[in-house]
Amino acid sequence: MREGEAEQVINFFKAREMNAKLVDAADEFFDALKGFVDPEEKRKAFRNTFYAVLARVVREENANYLVQGTIAADVVETVKGIKTQHNILEQIGIDPGSYGLTIVEPLREIYKHEVREVARSLGLPAEFSERPPFPGPGLATRVLGEVTRERVEIERRATKIVEEETAEIESFQSMAVLMNDRATGIREGKRAFGYTIAVRLVKSTDAITAEAVNVPCEVLKRIEKRITTEIPEVVHVLYSLSDKPPATIEFQ
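Residues numbered from 1 in each chain as written. Predicted model: local features only at pLDDT ≥ 70, side-chain atom pairs only at ≥ 80, totals over all residues. Heavy atoms only, no water.

> Sorry if this is basic, but what is going on with the pairing of strand β5 (residues 190-203) here?
If a strand is regular, its side chains alternate between the two faces of the sheet. Within β5, ten of the 14 residues are buried, which leaves the element mostly enclosed by the surrounding structure. Pairing analysis gives five bridges linking strand β4 (residues 183-187) to β5, with the strands arranged antiparallel. Across the sheet, the residue bridging to Ile186 is Arg191, located in β5. One ladder, built from five bridges, connects β5 with strand β7 (residues 234-239); its direction is parallel. Paired with Tyr195 across the two strands is Val234, which belongs to β7. (Buried < 20%, exposed > 50% of the residue type's maximum accessible area, 1.4 Å probe, protein only. Helix = DSSP H or I, 4+ residues; strand = E, 2+ residues; numbered from the N terminus. Pairing = 2+ DSSP bridges.)

In structure tokens, the structure reads:
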């Protein structure tokens with residue numbers, strides 16, 4: 001997840017005297033994703049691990065139901081075969097009972113802008129109701145190629161920089177994407193073979209279509225400077241100009 005995000009969510013519930021528990025299943029997810037580079041294979045490996053972990057936690061906590069935040073866009077993209085969203089089961093013929101789960105999806109028939117309306121009506125703080133959408137598989141979705149601890153940490157640091165530098169720019173989502181291929185750069189006058197980060201900002205309402213944001217060049221230069229300075233493993237920074245369609249919002 002984003003830097004500090006898991007703790008932020010747990011603290012939100014604890015501040016309201018709700019019984020919140022943070023489960024660290026990082027090892028299981030990294031093991032499940034090891035060796036996979038194809039986006040669909042990675043999503044399916046994530047899905048299987050996601051529900052296996054949750055099924056175990058549900059049993060340990062003696063819970064009767066798993067409530068999850070599936071929204072309409074997740075269903076539409078999965079059913080149409082655009083990309084497999086990890087939280088879609090019944091709609092593609094997978095019985096949740098095969099994982100030992102009874103799933104409740106109260107938001108399944110509405111889109112993101114309608115989800116925000118629900119959040120506001122419940123009185124949630126703006127930091128939650130207005131926060132940018134984030135993929136269910138988290139930063140793993142924004143690591144092209146194999147997902148490793150090292151690569152996710154680079155992606156996490158780049159994400160923080162992009163979100164900080166674009167906080168005042170209106171967008172539906174802002175992100176950094178760690179590309180798979182490495183590129184030649186220069187560090188201290190010597191050849192450096194490093195990573196490439198693609199920066200992407202889009203405008204959208206329902207996540208079904210999206211338009212790339214025209215980010216001022218000076219902002220992009222600040223982002224580039226911070227990423228290549230603060231993350232020495234990165235030597236190239238690019239900006240994505242593609243709308244949805246033909247692209248999707250996320251790279252994979």
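> When you look at the side chain of Arg151 in this model, what are you seeing that I'm missing?
Among the secondary structure elements, Arg151 is positioned in helix α7 (residues 149-165). Within the buried core, Arg151 has no salt-bridge partner, and the shortest N-O distance to an opposite charge, that of Glu150, equals 6.2 Å. Within polar-contact distance, the side chain of Arg151 engages the backbone oxygen of Met179 at 2.9 Å. (Lys, Arg positive; Asp, Glu negative; His and termini not counted. Salt bridge = Lys/Arg side-chain N within 4 Å of Asp/Glu carboxyl O. Polar contact = N/O pair within 3.5 Å; in protein donor to acceptor, adjacent residues only side chain to side chain.)

> Teacher, can you tell me more about the packing of aromatic side chains here?
Two measures describe an aromatic ring pair: the distance that separates the ring centres and the angle between the ring planes. As enumerated under the stated definition, the model contains six aromatic pairs in all. Summarising the aromatic geometry, the rings of Phe29 and Phe46 are spaced 4.8 Å apart at their centres and angled 35° between planes, so their arrangement reads as tilted. Of this pair, Phe29 sits in helix α2 (residues 26-33) while Phe46 sits in helix α3 (residues 39-60), placing them 17 residues apart in sequence. Judged on exposure class, the residue Phe29 and its partner Phe46 are both buried. The interplanar angle of 20° and the centroid separation of 6.1 Å between the aromatic rings of Phe46 and Phe50 together place this pair among those described as stacked. One end of the pair is Phe46 and the other is Phe50, both in helix α3 and four residues apart, which spans about a single turn. For the pair Phe46 and Phe50, a shared accessibility class is recorded, and that class is buried. Among the aromatic side chains, those forming a connected cluster through ring pairs are Phe29, Phe46, Phe50, Tyr51 and Tyr99. If you follow Arg182 out to its NZ or CZ, it ends over the ring of Tyr195, 4.1 Å from the centre. (Phe/Tyr/Trp six-rings, centres within 6.5 Å; stacked < 30°, edge-to-face > 60°. Lys NZ or Arg CZ within 6 Å of the ring centre and 35° of its normal.)

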